[in-house]
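Overview (structure and organization)
Letter by letter, the chains look like this.
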Amino acid sequence: MAQPVIPLEPERIYHIWTHGNGSENLFRTDDNYRYFLEKYAQHIYPIAKTYAYCLMPNHLHLMVKIREEKVLLNLQGFGNPGGLKGKISQQFGNLFNAYTKAYNKMYNRKGSLFIPKFRRKLIDNDSYFTRLIAYIHNNPIHHQFVRVLNDWPHSSYHSYLLDKPTKIERESGIAWFGGKNEFLKVHQELQAKDIMLEFEK
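The shown structure was predicted, so the numbers you read here are calculated from the model rather than taken from an experiment. (Residues numbered from 1 in each chain as written. Predicted model: local features only at pLDDT ≥ 70, side-chain atom pairs only at ≥ 80, totals over all residues. Heavy atoms only, no water.)

Things to note about helix α4 (residues 126-142)
A rise of 1.5 Å per residue sets the reference length of α4, with its 17 residues, at 24 Å; its end C-alpha atoms lie 23 Å apart and thus fit the reference within 8%. The sharpest bend along α4 measures roughly 35 degrees and falls at Ile136, with the proline Pro140 sitting one to four residues further on. α4 sits mainly inside the fold: 14 of its 17 residues count as buried. Put simply, Asn125 is the residue that caps the front of α4, since its side-chain oxygen is 3.2 Å from the backbone nitrogen of Ser127. Directly after α4, the chain includes Gln144, whose backbone phi takes a positive value near 65 degrees. (Helix = DSSP H or I, 4+ residues; strand = E, 2+ residues; numbered from the N terminus. Expected span 1.5 Å × (residues − 1). Bend = angle between axes of the 7 residues up to and from the residue. Buried < 20%, exposed > 50% of the residue type's maximum accessible area, 1.4 Å probe, protein only. Polar contact = N/O pair within 3.5 Å; in protein donor to acceptor, adjacent residues only side chain to side chain.)

Describing the pairing of strand β1 (residues 13-19)
For β1, a buried count of six out of seven residues is recorded, marking the element as mostly surrounded by other parts of the structure. For β1 and strand β3 (residues 59-66), the ladder comprises seven bridges, and the chain directions are antiparallel. Note that in β3 the partner of His15 across the bridge is Met63. Of the strand pairs in this sheet, β1 and strand β4 (residues 119-123) are connected by five bridges, and their pairing is antiparallel. Within β4, the position partnered with Ile13 by the bridge is Ile123. (Pairing = 2+ DSSP bridges.)

So, the sheet that holds β4
Sheet strands line up and pair through hydrogen bonds in the backbone, either parallel or antiparallel. Spatially, β2-β3-β1-β4 is the arrangement adopted by the four strands of the open sheet, whose pairing is antiparallel. This sheet does not close on itself; its edge strands, each paired only once, are β2 (48-56) and β4. Direction aside, neighbouring strands of the sheet carry axes that sit 15 degrees apart on average. Across the sheet, helix α1 (residues 30-43) touches β2 and β3, and the angle it forms with β2 is around 165 degrees. Across the sheet, α4 touches β1, β2, β3 and β4, and the angle it forms with β2 is around 30 degrees. (Axes fitted to C-alpha atoms, helices over the stretch in contact; angles between N-to-C directions. Contact = heavy atoms within 4.5 Å.)

A few points about the nonpolar core
With 55 residues, the main nonpolar core has Phe36, Leu60, Met63, Phe92 and Ile133 as its most contacted residues. Setting aside its immediate chain neighbours within four residues, Phe92 contacts Leu8, Ile16, Ile44, Ile47, Leu62, Val64 and Phe118. (Core = buried A, V, L, I, M, F, W, Y, C linked by side-chain atoms within 4.5 Å.)

Section: the pattern of salt bridges
Evaluated as defined, the whole model comprises four salt bridges. The residue Arg109 makes a salt bridge to Glu24 at a minimum N-O spacing of 2.9 Å. With Arg109 in the loop between α3 (84-107) and β4 and Glu24 in the loop between β1 and α1, the pair connects residues that are 85 residues apart, well separated along the chain. For the salt bridge of Asp31 with Arg34, the shortest nitrogen-to-oxygen distance reads 2.1 Å. Linking Asp31 with Arg34, this pair stays in helix α1, spanning three residues, or about one helical turn. Judged by its relative accessible area of 47%, Asp31 falls in the partly exposed class. (Salt bridge = Lys/Arg side-chain N within 4 Å of Asp/Glu carboxyl O.)

Examining helix α6 (residues 170-177)
Listed in full, the buried residues belonging to α6 are Arg170, Gly173, Ile174 and Phe177. Looking straight down α6, one finds its buried side chains confined to an arc of 95 degrees; they lie on one side. Summarising the geometry of α6, the exposed residues directed more than 90 degrees from the buried face are Glu171 and Ala175. Where the residues of α6 are buried, they touch β2, α4, α5 (157-161) and α7 (180-189). Immediately beyond the C-terminal end of α6, within one or two residues, lies Gly178, with a positive phi of roughly 95 degrees. (Arc of directions from axis to C-beta.)

Encoded structure:
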């Protein structure tokens, strides 16, 4: 029996993840990662704040907070409150479709690139909030792409450590941890495999 789809609603926080269809990789080169983030800024930034992301060769994780209803209703195509939830979800579909179209053209391939439905989970407690950010950033270690967290370039982890301008909700994210030192401490703790598995149930 299929699991009911969790609606994406204004002012709520979600863990969103998806992966390549079958054995397909989503990203082959640094240019692929950059292009995806460009499309992410185009399709998702207007509708959601981003607390964390991590892009890996065959899958990705996002942690987002959907913007306020009044903000969404001012966006082109979002004028009807009745269909708001479907339109929010469609923005993620538009992102994945736009990336797939460009990827297929670049690599002379056809068909779907992502699994048919992206997965999502509502984040509704403070402890899960901070641990999820650390889980997302630690994914490249968990999947053995790197051994040191700082070595993976395609995540928001670096945006939290640097003072450069960013679209990541860095200040409020750090505040949830209680400061940068606690941010680093929780990330270190989450490298333990048994703790990582709690987010994959």
